[in-house]
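One letter stands for each residue in the lines below.
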Amino acid sequence: MLGAVLLGGAVAACSSGGSKGSAAGGKDSLDVQVASYDLAVGPPARFIAGVLTADQQLVGFGTVTMRFDFLGTGKAPGNPTPVGGPAMATFLPIPGTTVPSPPPADPRVVAGVDRGVYATQVGFDRPGFWQVGISARIAGKERRGVGAFPVADHHHLAAPGDAALDTTNLTMASTDVPKAAIDSRAGTSGEVPDPELHSTTIAAALAAKRPAVVVFATPVYCVSRFCGPVTDLVEGLAKANADRASFIHVEIFKNFEAENIADRLNTAAADWLYRDDDLSEPWVFVIGADGKIVARFDNVVTAAELEPLIQGFPVIGPAG
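Source: prediction; values computed, not measured.

So, on to the overall build of the protein chain. Counting secondary structure elements, the protein chain contains seven helices and 16 strands. For 320 residues, the compact-globule formula gives about 20 Å, and the C-alpha radius of gyration of the protein chain, at 20 Å, lands near that figure. Residues counted as buried form 53% of the 320 residues belonging to the protein chain. For the protein chain, long-range pairs separated by at least 24 residues make up 68% of all intrachain contacts whose partners lie at least 6 apart in sequence. For the protein chain, the exposed surface amounts to about 13900 Å²; the carbon and sulfur share of it is 54%. Here the protein chain carries 24 positive and 33 negative side-chain charges, and the mean point of each set is 7 Å from the other.

If you want it as structure tokens, here you go:
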């Protein structure tokens, strides 16, 4: 089944891969909710988590400190074993969030529209159960919370260095399907709002040896409401960088109302993301001209993270 992890109703992820933390420490504690998908043993990679107060107000901006503990491999994790030192984590706002100028230096309680997560780089050296402890100074008071999460011995989804899957996603030329199967936002308007993201397939980009930026998201049905802003971000980058890469949106659902999961999911989305009766999204994959995955971003991505990768591709002209 498709699961959903809610971050206090203000931040959410369309997956069962994240973990909700605990605010059991009292009114001054934090609720830490891990927002990363497909965590596995390996070199340092981006780790993200949402932070809320005990009364479920979202915390944003500034920086927080993260500490990681290994809990064990059994069903009943044991005592925490600290691994590594503290790491500073910076705030990643959801695309479309209004960031004050200058940005706040310290974390603070924010309005529901100013959503985002905190990110750092961390590598895990063993599979099993882990927890992240987060501390933040909010309104002059130090607050802390923890969130638990699993780490696998290998990634279940395509990761940097892997070959991109040679899939044929729906495009504007797919006239034998409802337009909402191409982009769920077409279900209300009858028109696909971002046709430039549906002009080619992943398979065609790979065959042409073109770099590609692929966003997997369902803007209408995404629990988190992250999918629309992330898709819009990729659309904006496509307009400015069409001569460097192909930009592709893969809608998750071909028929959201279908009972059978095979009838609900678009084939390309299932091939890339559906594992063990679960699917996480949104995702953005950056693919090089050699067909290898350069980078991937789960749940939240910013222009500051994507633009340097895209600008690193040479100008090759628009797709034919």
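Once you've had a look at it, read on.
Now for the side chain of N299. Among the structural elements, N299 can be located in the loop between β16 (293-298) and α7 (303-311). Given a relative accessible area of 1%, N299 falls into the buried group. Side-chain polar atoms of N299 contact the backbone oxygen of A35, separated by 3.0 Å.

Turning next to the layout of surface pockets. In this structure, the largest pocket spans a volume of roughly 470 Å³. As for the largest pocket, its lining consists of 26 residues, of which P44, A45, R46, P160 and R296 are closest to the centre. Counting only elements with at least two residues in the lining of the largest pocket, the list comes to β5 (45-53), β10 (116-122), β16 and α7. Residues that form the lining of the largest pocket fall into these classes: 17 nonpolar, four polar and five charged.

Let us look at the pattern of salt bridges. For the coordinates displayed, the defined rule picks out ten salt bridges. The salt bridge partner of E305 is R46, with a shortest N-O separation of 3.0 Å. Within this pair, whereas E305 is found in helix α7, its partner R46 is found in strand β5, the two being separated by 259 residues in sequence. Considered together, E305 and R46 belong to a single accessibility category, that of buried residues. Salt-bridge contacts for D183 lead to R185; the nearest nitrogen and oxygen are separated by 3.3 Å. One salt-bridge network, held together by shared partners, links D183, R185, D194 and D232.

Here we come to helix α4 (residues 227-241). A rise of 1.5 Å per residue sets the reference length of α4, with its 15 residues, at 21 Å; its end C-alpha atoms lie 21 Å apart and thus fit the reference within 8%. Burial runs high along α4: eleven of the 15 residues are buried. Those residues of α4 that sit buried are C227, G228, P229, V230, T231, L233, V234, E235, L237, A238 and N241.

Evaluated as defined, the whole model comprises one disulfide. Through a disulfide, C222 is tied to C227; the S-S separation comes to 2.3 Å. Taking the sign of the S-S torsion, about 55 degrees here, the bridge from C222 to C227 comes out right-handed. Of the two residues examined, C222 and C227, each falls in the buried class.

Attention shifts here to the pairing of strand β15 (residues 283-287). For a regular strand, side chains alternate in direction, first toward one face of the sheet and then toward the other. Of all five residues that make up β15, five are buried, and the element is covered over most of its length. Neither face of β15 is left uncovered, since the one carrying W283, F285 and I287 and the one carrying V284 and V286 both have all their residues buried. With five bridges connecting them, strand β13 (residues 212-216) and β15 associate as antiparallel partners. Directly across from V215, in β15, lies its bridge partner V284. When β15 meets β16, the two strands line up antiparallel, connected through five bridges. Opposite V284, over in β16, you have F297 as the bridge partner. The turn joining β15 and β16, which pair antiparallel and follow one another in sequence, is formed by five residues; a positive phi near 85 degrees is taken by G291.

Analysis parameters
- Residues numbered from 1 in each chain as written.
- Predicted model: local features only at pLDDT ≥ 70, side-chain atom pairs only at ≥ 80, totals over all residues.
- Heavy atoms only, no water.
- Helix = DSSP H or I, 4+ residues; strand = E, 2+ residues; numbered from the N terminus.
- Rg over C-alpha atoms; globule rule 2.2 N^0.38 Å.
- Buried < 20%, exposed > 50% of the residue type's maximum accessible area, 1.4 Å probe, protein only.
- Contact = heavy atoms within 4.5 Å.
- Areas by Shrake-Rupley, 256 points an atom, 1.4 Å probe, with all protein chains shown as cover.
- Lys, Arg positive; Asp, Glu negative; His and termini not counted.
- Charge placed at Lys NZ, Arg CZ, Asp CG, Glu CD.
- Polar contact = N/O pair within 3.5 Å; in protein donor to acceptor, adjacent residues only side chain to side chain.
- 1 Å grid on protein atoms, 1.4 Å probe; cavity = no way out; pocket = protein on both sides within 12 Å on 5 of 7 lines; lining within 4 Å.
- Points joined across faces, edges and corners; volume = space filled by probe spheres on them.
- Nonpolar A, V, L, I, M, F, W, Y, C, P; charged D, E, K, R; others polar.
- Salt bridge = Lys/Arg side-chain N within 4 Å of Asp/Glu carboxyl O.
- Expected span 1.5 Å × (residues − 1).
- Disulfide = S-S within 2.5 Å.
- Pairing = 2+ DSSP bridges.

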